[in-house]
Amino acid sequence: MTTEPHTEAQVACDELAAALRQAGIVLPSLGVDPVSCARPYPRPLVELGRCNLETVRRLTAVVARAAR
């Protein structure tokens, strides 16, 4: 089953948001970049957005732990 690139990107975005929530992290600006989906041959990008220093540190700790 083939899905639209925007739909596939949104699903990936939702999965990332859910995984981050499980780790106690919320990226408030997480979302699909609409401009990247508006091209004749869309190549969706996921905008991770901006976050405060506390969130960056928590995200860094989770990624570092997972990389071990």
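Counting restarts for each chain: residues are numbered from 1 in the order of the written sequence. Two thresholds apply to this predicted model, a pLDDT of at least 70 for residue-level local features and 80 or more for giving and counting side-chain atom pairs, whereas whole-chain, interface and lining totals are computed over all residues. The basis for every side-chain value is the complete set of heavy atoms in the structure, and neither hydrogens nor water enter the calculation.

A short note on the overall build of the chain
And then number 1: What counts as a helix is a DSSP run of H or I of at least four residues, what counts as a strand is a run of E of at least two, and both are numbered from the N terminus. In terms of helices and strands, the chain carries three helices and two strands.
And then number 2: Tracing the chain from N to C terminus, the helices and strands come up as α-β-α-β-α.
And then number 3: Note on method: radius of gyration uses C-alpha positions; expected globular size equals 2.2 Å times residues raised to 0.38. Relative to the globule expectation of 11 Å for 68 residues, the C-alpha radius of gyration of the chain, 14 Å, shows a markedly less compact shape.
And then number 4: Across its three principal directions, the C-alpha atoms of the chain cover 40 × 25 × 20 Å.
And then number 5: A contact between two residues is defined here by any heavy atoms of the two lying within 4.5 Å. For the chain, contacts bridging at least 24 residues in sequence account for 42% of all contacts bridging at least 6.
And then number 6: Methods summary: accessible areas were calculated by the Shrake-Rupley approach with a probe of 1.4 Å, and residue burial reflects only the protein chains presented. Of the roughly 5400 Å² of accessible surface on the chain, a fraction of 56% belongs to carbon and sulfur atoms.
And then number 7: Residues scored as charged are limited to Lys and Arg (positive) and Asp and Glu (negative), so that His and the chain ends carry no count. Note on charges: their place is set at NZ of Lys, CZ of Arg, CG of Asp or CD of Glu. One finds the centroid of the 8 positive side-chain charges in the chain at a distance of 12 Å from the centroid of its 7 negative side-chain charges.

Notes on helix H1 (residues 5–22)
Because an α-helix packs 3.6 residues into every turn, residues spaced three or four apart end up facing the same way.
And then number 1: A helix is expected to span 1.5 Å for every residue after the first. Its 18 residues place the ends of H1 26 Å apart at the C-alpha level, agreeing with the 26 Å of an ideal helix rising 1.5 Å per residue.
And then number 2: Where H1 is buried, its residues meet strand S1 (31–32), strand S2 (46–47) and helix H3 (53–67).

Quick look at H3
And then number 1: In a regular helix each residue adds 1.5 Å, so 15 residues correspond to 21 Å; H3 covers 21 Å between its end C-alpha atoms and thus fits that length.
And then number 2: Residues adjacent in sequence count toward polar contacts only when both atoms are side-chain atoms; beyond that, a polar contact is any pair of N or O atoms within 3.5 Å, and within protein one must be able to donate a hydrogen and the other to accept it. Looking at where H3 begins, the residue whose side-chain oxygen comes 3.2 Å from the main-chain nitrogen of Glu 54 is Asn 52.

Observations concerning the side chain of Thr 55
And then number 1: In this fold, Thr 55 is placed in helix H3.
And then number 2: For Thr 55, the residues in contact, after removing those within four places along its chain, are Ile 25, Val 26 and Leu 27.

Some details on the state of the cysteines
And then number 1: Working definition: a disulfide is two cysteine sulfur atoms within 2.5 Å of each other. By the definition in use, this model includes zero disulfides.
And then number 2: As a non-bridged cysteine, Cys 13 has Cys 37 as the owner of its nearest cysteine sulfur, 10 Å distant.
And then number 3: Exposure is judged per residue with a 1.4 Å probe applied to protein chains only, and the accessible area is read against the type maximum: over 50% gives exposed, under 20% gives buried, and values in between give partly exposed. A relative accessible area of 3% places Cys 13 in the buried class.
And then number 4: The class for Cys 37 is buried, based on a relative accessible area of 18%.

Section: the side chain of Ser 36
And then number 1: Position of Ser 36 among the secondary structure elements: in helix H2 (residues 34–37).
And then number 2: Residue Ser 36 is classed as buried on the basis of its relative accessible area, which comes to 6%.
And then number 3: Of note is the side chain of Ser 36, whose polar atom sits 2.9 Å from the backbone nitrogen of Leu 45.
And then number 4: Setting aside residues no more than four positions away along its own chain, Ser 36 makes contact with Pro 42, Arg 43, Pro 44 and Leu 45.

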